[in-house]
Structure formats: C-alpha cells, structure tokens
Amino acid sequence: MNNRYMTILARLLLLLLPAAATAAPPASIRVAVGGSEPFVVKGNPEPNGIAVEVWRELAARAGWTYALSSYQNVPSAFAALSEGKADIVVGPVSITAERVKSARFSQPYFQASLSILSRSGTPSVWERIRPFFSSSFFTAVGLLLIVLFLVGTCVWLAERRIPDSHFPSNPVHGIGSGVWFAIVTMSTVGYGDFSPKTAFGRLVTGIWIIISIVAASSLVAGIASTLTLTGLQSTQIAAAEDLSGRPVAALADSPGARFVERYGGVLLNVSNLDEGYRLLSQRAADAFVFDRPQLLHFLRAQPDPKVAVSAAEYGRQNYGFALPLDSPFIHALNINLLELQESGRIDRIVASWLGTAVH
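In this text, all values refer to a predicted model and were calculated from it rather than measured experimentally.

Take helix α11 (residues 292-301) next. Here α11 lies mainly inside the structure; 8 of its 10 residues are buried. Every buried residue of α11 is accounted for by Arg292, Pro293, Gln294, Leu295, Leu296, His297, Phe298 and Leu299.

Here it is in structure tokens:
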C-alpha cells in the first residue's frame, strides 16, 4: 500500500515541477545585447535601439530586474546564451531552424526583409551612352568591319586587272580602296571617286547596296530607340528583375549576396553598409541590396534625395528574443510581448527609429 501512495506522489510531483519552473524568472535576468543599428545602438553607459527599447518595456511591465551586457554581434551574444552566461539574447536575432535546436524563442517582435537601394532621378550622360560601350555593341561593330573588309576585297578582286582601275593591284592599297568604296556605298554618300567597271564588281556592289540599305536603316533606328529609352527611364531599380546584368553591391556571404546572384546581378562584395552606399554614390554600382530596416535607419540619419529604397521586400525573416531551452519565464515573456504588440507600443518604438514607412 505504501508503494502505491509513493507512486501517486511521484506522479503529482512530476506534474507540478514544470509549473513551478515557469513560475518566476531569476532574481536578476542576465541580458546579452548584440547586433547592429537600429536594433542595437551602442551607448554610454548603456546601449539603446529598437530591440533594447522593446526589452525595457517588457521588463517594466513584468516588474523584472536585469543587467545588460554588450556583445560585438548576435553570434557572440548567442554563444554566451549557450554557455550559460546569459538568460536572454536581445537584438536582431533571426528565428531560424538551426537556432531553435539549441534555444527557445519568444514571439517575433519584428519582421525584417531585404530591399534594394538605388539612385533615383534621370540618368546621367554616361548612363545614356553606356549601352554603346557594351560587349554586344563592340561585337556588332567588329562584325560590320569584317563584312566591309569582305565586300572591299571582293570588289578589288573583280576590278584589280582592269586598266586605269580605281582599285590598284597592290593588295594594301587596292583592298583599302575597296573598303572605302563599301563604306561610302553603305552610307549612301556616293562620292563617285570609286566605281566598279566589271560585271562581277557591279554585281557585288548591287548586292551590297541592298544589304547596306537594310543594315543602315536598322542601325539608325536602333541608335535612336536606345537614346530615347535611356532618356525616358529612371535610374531607380524598383524590383529584383531589374538587377539582371547590372553591377549590384551586397554584403559578402550574406542572404543579400545570394539574392543578387539568384536574379542575375553582377555581384560586388562589400564589408558593410557604408561601403555599399559609397559604391552606389560613386556610380560604381547600380544598386545595393541590404536589410530593409537598416537601410531605412541609415537614410533617416543621413538623408539623401538622390537615392531611394525600393517598395518591394524580399526574403522575410522574423526577429525574436532567444532564451535557454529550460527558460523559467518564456511564457510570461510572450504574454507581455503580445500585449505590447496589441497596444501598438512596438509599432511606435519602430516608427521612432525608422519612420512611418517601415513596411
């Protein structure tokens, strides 16, 4: 009979232990703060930023005491959590499948994404004529020169043995005269200083006249349409599809870099936001792909009417607070976090750092 009572008592204790474990947090919560602006802004004596302000609001609502410790970045703060040196990580901590294996996460407090920073306004003179300095343009010019050389050679071969021919028997001078004749004929200038006298020379010339009329008309129309389109278009890149074939800066080995490669952009690796912005300002890059909230914060701190952030967002990811798997206050944290979201307080904190056009 005693064994039966002991078994019942043990089962009751197992049921009660989880509830007791979630009843209250430690006397003073050790907070590891890491990440970049505007989520974590280094300050003296304590850091600030979106994530830090949200945490302070949560702690105030719950009546928790805490001590902040600053870390260089999110990975180092997350390492402190894994080593038992912290009770929570506060910052732009992405909720990923890999991280969930070793930590528990709060409800998301922010949804981040990638966006495209590009120049806005009308194109410069160089941007208007740059299509004429592309590899395809030079390939077309090279093919045209080859055709002119072949036409000139054919005319010279037909005319070189004729007395008083306009095309000397010397290959250099004769073929040179033939190429000049082909150019003049194609441009419809018709100086009359050279003309074929043989039947074969006139046949080659007649065929070339027909071909050159079509080629010249197409060439002129292509140049005109290119100049018109480049004059009308804006330099702003509004969508990922516009990145194809264009030089685009992104953080090396980042989701932004993989995004650029996926959409066919010519990747320019940079080490930070300032470097990407500098390449864009110097026109070494047509766009810069980076985290949207960081771009908005950067332009809010350093307004530049010559650049704009795209309205489109890509690669959405949630930010949350990371806690140990056996955290005693995850439930209370989530309740307070949801109440902050429902009251609109988190939206106001975000707007104070990023402005109203966050999403």
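Roughly 810 Å³ of internal volume is contained in the largest pocket. Taken together, 30 residues line the largest pocket, and the ones lying closest to its centre are Ser36, Leu251, Phe290, Asp291 and Gln294. The set of elements that each furnish at least two residues to the lining of the largest pocket consists of α3 (74-82), β3 (88-94), α9 (255-262), α10 (273-281), β8 (287-291), α11 and β10 (314-323). Here the lining of the largest pocket is composed, by residue class, of 12 nonpolar, 14 polar and 4 charged.

Following the criterion strictly, the structure yields 10 salt bridges and no others. Across the pair glutamate 57 and arginine 345 runs a salt bridge, and its minimum N-O distance is 2.9 Å. Separated by 288 residues along the polypeptide, glutamate 57 in helix α2 (residues 50-62) and arginine 345 in helix α13 (residues 345-354) bring together distant segments of the chain. Arginine 345 sits in the partly exposed class, given a relative accessible area of 26%.

Next up on the list: the environment of tryptophan 353. Here tryptophan 353 lies in helix α13. Overall, tryptophan 353 belongs to the buried group, its relative accessible area being 16%. Tryptophan 353 sits 314 residues away from phenylalanine 39 along the chain, and the two C-alpha atoms are 8.8 Å apart. Setting aside residues up to four positions removed in sequence, tryptophan 353 forms contacts with Pro38, Val41, Asn48, Gly49, Ile50, Glu53, His297 and Arg300. A polar contact is formed between the side chain of tryptophan 353 and the side chain of glutamate 53, at a distance of 3.1 Å.

Let's shift gears to α2. For α2, which comprises 13 residues, the first-to-last C-alpha distance of 19 Å matches the rise-based estimate of 18 Å (1.5 Å per residue) to within 8%. Listing the buried residues of α2 in full gives Ile50, Ala51, Val52, Val54, Trp55, Leu58 and Ala59. Looking at the buried side of α2, the elements it contacts are β1 (29-33), β2 (66-70), β3, β10, α12 (330-343) and α13.

Ile50, Val54, Trp55, Ile88, Tyr109, Leu117 and Leu333 are the most contacted members of the largest nonpolar core, which has 49 residues in total. Considering each element in turn, this core owes the most residues, 7 residues, to α2. With residues up to four places along the chain from it excluded, the contact list for isoleucine 50 reads Pro38, Phe39, Tyr109, Ile349, Val350, Trp353 and Leu354.

This part takes up the packing of aromatic side chains. In total, this model carries 15 aromatic pairs according to the counting rule given. Summarising the aromatic geometry, the rings of phenylalanine 39 and phenylalanine 110 are spaced 5.1 Å apart at their centres and angled 75° between planes, so their arrangement reads as edge-to-face. In this pair, phenylalanine 39 is assigned in the loop between β1 and α2 and phenylalanine 110 in strand β5 (residues 110-119), connecting sequence segments 71 residues apart. The burial state of phenylalanine 39 is the same as that of phenylalanine 110; both residues are buried. With centroids separated by 5.7 Å and ring planes inclined at 75°, the aromatic side chains of tryptophan 55 and tyrosine 66 adopt a geometry described as edge-to-face. Pair noted here: tryptophan 55 is in helix α2 and tyrosine 66 is in strand β2, with a separation of 11 residues, a long-range link. Here a set of aromatic residues connected by ring pairs shows up, and it is made of Trp55, Trp64, Tyr66, Tyr109, Phe321 and Phe329. Sitting over the ring of phenylalanine 78, arginine 99 keeps its end group 5.5 Å from the ring centre. Here the guanidinium or amino end of arginine 160 rests over the ring plane of tryptophan 156, the centre of that ring lying 5.1 Å away.

Between α11 and α13, the least distance of the axes is 8 Å, while the angle of their chain directions is 50°. One element, α11, and the other, α13, form an angle in the oblique class. On α13, the residues that touch Pro293, Leu296, His297 and Arg300 of α11 are Ala351, Ser352, Trp353 and Leu354. Tallied by class, residues from the contact of α11 with α13 come to 5 nonpolar, 2 polar and 1 charged.

Turning our eyes to something else, we now look at the confidence of the model for the chain. This prediction gives the chain a mean pLDDT of 81; 81% of its residues lie at or above 70. Note that residues 5-23 has pLDDT below 50 and, in this model, 3 contacts with residues that lie over four places away or in other chains. Low confidence marks residues 231-235, where pLDDT is under 50. Its contacts with residues over four positions away, or in another chain, come to 12 contacts.

Turning our eyes to something else, we now look at the environment of phenylalanine 321. Tracing the chain through its elements places phenylalanine 321 in strand β10. Look at phenylalanine 321 and you get buried, because its relative accessible area is 0%. Once the C-alpha coordinates of phenylalanine 321 and proline 108 are considered, the two residues, 213 residues apart in sequence, prove to be 7.7 Å apart. If sequence neighbours within four positions are ignored, phenylalanine 321 has contacts with Ala51, Val54, Trp55, Leu58, Ile88, Val89, Val90, Gly91, Arg104, Phe105, Ser106 and Tyr109.

Between glutamate 37 and the following residue, proline 38, the backbone shows a cis peptide bond with an omega angle of 5°. Of note in the backbone geometry, arginine 283 takes a positive phi value of approximately 65° without being a glycine. Relative to the helices and strands, arginine 283 resides in the loop between α10 and β8.

Rules and cut-offs
- Residues numbered from 1 in each chain as written.
- Predicted model: local features only at pLDDT ≥ 70, side-chain atom pairs only at ≥ 80, totals over all residues.
- Heavy atoms only, no water.
- Buried < 20%, exposed > 50% of the residue type's maximum accessible area, 1.4 Å probe, protein only.
- Helix = DSSP H or I, 4+ residues; strand = E, 2+ residues; numbered from the N terminus.
- 1 Å grid on protein atoms, 1.4 Å probe; cavity = no way out; pocket = protein on both sides within 12 Å on 5 of 7 lines; lining within 4 Å.
- Points joined across faces, edges and corners; volume = space filled by probe spheres on them.
- Nonpolar A, V, L, I, M, F, W, Y, C, P; charged D, E, K, R; others polar.
- Salt bridge = Lys/Arg side-chain N within 4 Å of Asp/Glu carboxyl O.
- Contact = heavy atoms within 4.5 Å.
- Polar contact = N/O pair within 3.5 Å; in protein donor to acceptor, adjacent residues only side chain to side chain.
- Expected span 1.5 Å × (residues − 1).
- Core = buried A, V, L, I, M, F, W, Y, C linked by side-chain atoms within 4.5 Å.
- Phe/Tyr/Trp six-rings, centres within 6.5 Å; stacked < 30°, edge-to-face > 60°.
- Lys NZ or Arg CZ within 6 Å of the ring centre and 35° of its normal.
- Axes fitted to C-alpha atoms, helices over the stretch in contact; angles between N-to-C directions.
- Parallel < 35°, antiparallel > 145°, perpendicular 65-115°, else oblique.
- pLDDT = per-residue confidence, 0-100.

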